Amino acid sequence: MMMVEKKKEEKLLTVPPFECAWREDLKFREAGRGCVAFEAFACNDVTLVFRENVGSRGYHYKRDSSPHYTIILGSHRNKRLRIEVNGKTVVDVAGIGLCCSSKFQSYWISIYDGFISIGNGKYPFQDVVFQWMDSNPICNVQYIGLSSWDKHVMYRNVNVLSLKHSLWRNVGFGDYLVDDDDGDEVDAQHMMDYDKWGLRNFLESWELSDMLFIVGVEEKPVPGHKAILDASGNFSKLVSSFIIKLPSVSYLVLHSLLQYVYTGWTQIPLDQLSSLRDLSRQFEVTPLVKQCEEIMERLKQDEKLFDTSKNVELTYPCIRPHCSILPSLPISIERLRELRLTGQYSDVNIYIESYGLVAQAHRIVLSLWSIPFAKMFTNGMSESKSSEVTLRDVPPEAFKAMLDFLYDGELNYKIIESGALLLQLLLLADQFGVTFLHQECCKMLLECVSEDSVSPLLQVISSIPPCRVIKETLQRRISMNFDYCISANTDFVLLDEAIFVSIIKHPELTVTSEEKVLNAILMYGMKSNKWVGWEVVDELIKNSNPELFGERLQLVNDLLPFVRFPLLQDSLLEKLQNSNLGLHIPVFQNLVNEAINSVKCGLARQENEENVRFQHRRSSYKELQYICDGDENGVLYFVGTSYGQHSWFNPLLAEHKTLTITASSPHGRYTDPKVLVSRTYQGTCFAGPRLENGNICSWWMVDLGQDHQLMCNYYTLRQDGSKAFPRYWNFQGSMDGKSWTNLRVHENDWTVCKPAQFASWSITGSNALLPFRYFRVVLTAPTADATNPWNFSICYLELYGFYR
């Protein structure tokens, strides 16, 4: 669940050039740590300032003398990303296209003790653009200023989020502004408890202790835990017995050592520092020894560095502050794993009913992560008194995977091979309150899910409360890939009614035609186990009347108004008007008639403009259909017209490039990407060979830009003047430019057989319904030219399909 620090709909905020807007509510809850998510409308220079106190509107960040961070998105006319510290530039990297003057774009910026992360997207902590660590962090920045440079910048939906232990705690995998109208006060209390939970709760606690220190001449008893101490240093010789006597050690020194081990932080009077160093050296708590010695050495060099009247603070350097509990403590993960395997110092045997012994575990380690486990072992009931615990209705393999996580703080990525095991592990993590594991499972589950598996997975987790975030994300995933998800298989008809309704109503529903939405509703209504269009349903309903839909008839009636009939072609509307569907389903007939009448009367009427059924979906595709070789209907030509705004111009020569073409070989006289979209014949143009993963290949790649995707159904090539005719090559698509999907495989293809020849191929099958940002043609075997067999020689490339 996303924990939102502040959430409210905000009015549009326009910041004039060279000014900075400050508000009391735009501040991190914890100084130096927080995240701000916002939307901005600007040509360039979206600027945010982070400082300790609020400034004035007339105050500009360039004149600030107090410690502050400044982050500029789209500087240098939207070509760079900059970070400044106290007005001095420390980061200046390429960041072309970060800002947009035609629409609002979403961004987020997080700061954690000088670690700055920047993202260009709607969902915080995803779509990371850049990260940077300040070696001398400003830890008191708290207030956020919204600024501009030489042009007005508009801001809206500015929200400040808190960072709690783990970045993934705050990640909403669906929309990050999640209303928690369910009112789970128990869950909220659990999260509050978990924020305060950890090994610190067991510092000098008699709960779960299995050893005792007898300290000083007064022989003060101090409890401890063998597994934790043995994993933090070399206690092996001493912890073999129950009692350790330290008559020459004061309680204050032992307390500081234990506090450092159990919490990662301690303090001690300066005159006791050497005693703490000696005790740490005796038990080989190396990080603490090193820190003590560093402070003592600095003290020798300059006594004025320390105030002898105050305590010295020592903190374990946490390398990964956001990941989990263990990295923030001076505990050896390797040693904990060894204890897990050997069962040394184990104080509880865990059995699973009908399975047997599953682990020889340590109560303190399990309780470190899990409040339910801690309560089980300390509630005075049978589980807390017995050395054996039997669990029921727990999958053994998933439980073993959870134990592995509890001992090393990392999720075993091998379990990706089994989606069922990952889901079981997620449910176990929720059952036992292992919040960090639950977050990692959510993240991994969403990373490995595909469009083919999204509907079955959504069907499984739809009724599981801990999976609410995953459920919302999967609904969005189906909505944004609607064509493919309803065409690849019919699993969507098995979804819960509320889930299907949410998908149809989803604001980001993306379709190539409203006919797809109509077909999906009809298929869902009749629970079809095979794909059918409305024409088939029309024939079936002739005999069965509306009874074809059975108990889902009312749902069909409720969902049909969400089909935007006025956007359908006139010829299709006439067919629908005369269909059996209209005769037997009155609401269908009314909607079709309304659409036909609106077309006849014109769509410009104000009441139609305000009716959502008459508006194009903001995420809909534009169809760019192949007509003939070399036509002006393709995507690359469309980009060259600035998306239909003016006459054509080579898009790779434009001032603001939204299209990129690269080759497998370096840019040169005869390897020139501009040629492929120049629409002029070039006698010599090729991509040369390179070695990838041990294999020779040559390729041309198109990047449509981060804001654009294409569901490709046709593509065209033109051979240059050579006879290096390709025979074996693949046409591929990708979302990240790294993982590629074959859209068409050419093997012994003799289509191209003469210089300067055009050739085009269709893309069929379910992959033609998947949107991609990147496309490439890649040689998989030598061409017909024996002289330069790996030169991919083309001077023209065009793509077609549904573009957004």
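Residues numbered from 1 in each chain as written. Predicted model: local features only at pLDDT ≥ 70, side-chain atom pairs only at ≥ 80, totals over all residues. Heavy atoms only, no water.

## Looking at the pattern of salt bridges
- Under the counting rule described, the total for this entry stands at 20 salt bridges.
- With a closest N to O distance of 3.2 Å, Arg82 and Glu84 form a salt bridge. You'll find Arg82 and Glu84 in the same group, each marked buried.
- Between Lys674 and Asp672 there is a salt bridge, and its shortest N-O distance comes to 3.1 Å.
- Given the relative accessible area of 15%, Asp672 is considered buried.
- Taken together, the shared-partner salt bridges in this structure form one network comprising Asp230, Arg335 and Glu338. (Salt bridge = Lys/Arg side-chain N within 4 Å of Asp/Glu carboxyl O. Buried < 20%, exposed > 50% of the residue type's maximum accessible area, 1.4 Å probe, protein only.)

## A word on the environment of Leu446
- Topologically, Leu446 is positioned in helix α13 (residues 435–448).
- Taking the C-alpha atoms as reference points, Leu446 and Ile470, separated by 24 residues in sequence, lie 7.2 Å from one another. (Helix = DSSP H or I, 4+ residues; strand = E, 2+ residues; numbered from the N terminus.)

## Examining the pairing of strand β27 (residues 729–734)
- By the criterion of burial, β27 is predominantly enclosed, with 6 of the 6 residues buried.
- A two-sided burial pattern is seen for β27, the buried positions comprising Trp729, Phe731 and Gly733 on one face and Asn730, Gln732 and Ser734 on the other.
- Across 5 bridges, β27 lies against strand β28 (residues 741–746) in antiparallel orientation. By the bridge assignment, Asn730 is partnered in β28 with Val745.
- In this structure, β27 lies alongside strand β30 (residues 774–779), joined through 6 bridges in antiparallel fashion. Opposite Gly733, over in β30, you have Phe775 as the bridge partner. (Pairing = 2+ DSSP bridges.)

## Notes on unusual backbone geometry
- Of note in the backbone geometry, Glu204 takes a positive phi value of approximately 55° without being a glycine.
- Within the secondary structure layout, Glu204 lies in the loop between α2 (185–195) and β13 (211–215).
- Within the chain, Ser354 stands out as a residue other than glycine whose phi angle is a positive 70°.
- Note on placement: Ser354 falls in the loop between β18 (348–352) and β19 (356–361).

## Remarks on the side chain of Arg564
- As for its position among the elements, Arg564 is in the loop between α20 (553–559) and α21 (570–577).
- The buried charged residue Arg564 lacks any salt bridge, with Glu514 as its nearest oppositely charged partner at 5.0 Å. (Lys, Arg positive; Asp, Glu negative; His and termini not counted.)

## A few points about the environment of Asn519
- Positionally, Asn519 belongs in helix α18 (residues 514–526).
- The class for Asn519 is buried, based on a relative accessible area of 5%.
- A sequence separation of 12 residues divides Asn519 from Trp531, and the C-alpha atoms of the two residues are 8.9 Å apart.
- Those residues in contact with Asn519 that sit more than four places away from it in its chain are Trp531, Val532, Gly533 and Trp534.
- Of the polar contacts made by the side chain of Asn519, one reaches the backbone nitrogen of Trp534; its length is 2.8 Å. (Contact = heavy atoms within 4.5 Å. Polar contact = N/O pair within 3.5 Å; in protein donor to acceptor, adjacent residues only side chain to side chain.)

## Quick notes on the packing of aromatic side chains
- What the rule picks out here adds up to 26 aromatic pairs.
- A centroid spacing of 5.5 Å and a plane angle of 25° characterise the contact between Phe38 and Tyr107, whose relative ring orientation is stacked. Placement of the pair is Phe38 in strand β3 (residues 33–41) and Tyr107 in strand β8 (residues 105–112), with a sequence separation of 69 residues.
- Judged by relative accessible area, Phe38 falls into the buried class, the value being 1%.
- For Tyr107, a relative accessible area of 2% corresponds to the buried category.
- With 5.2 Å between their ring centres and 85° between their planes, Tyr626 and Tyr800 make a pair best called edge-to-face. (Phe/Tyr/Trp six-rings, centres within 6.5 Å; stacked < 30°, edge-to-face > 60°.)

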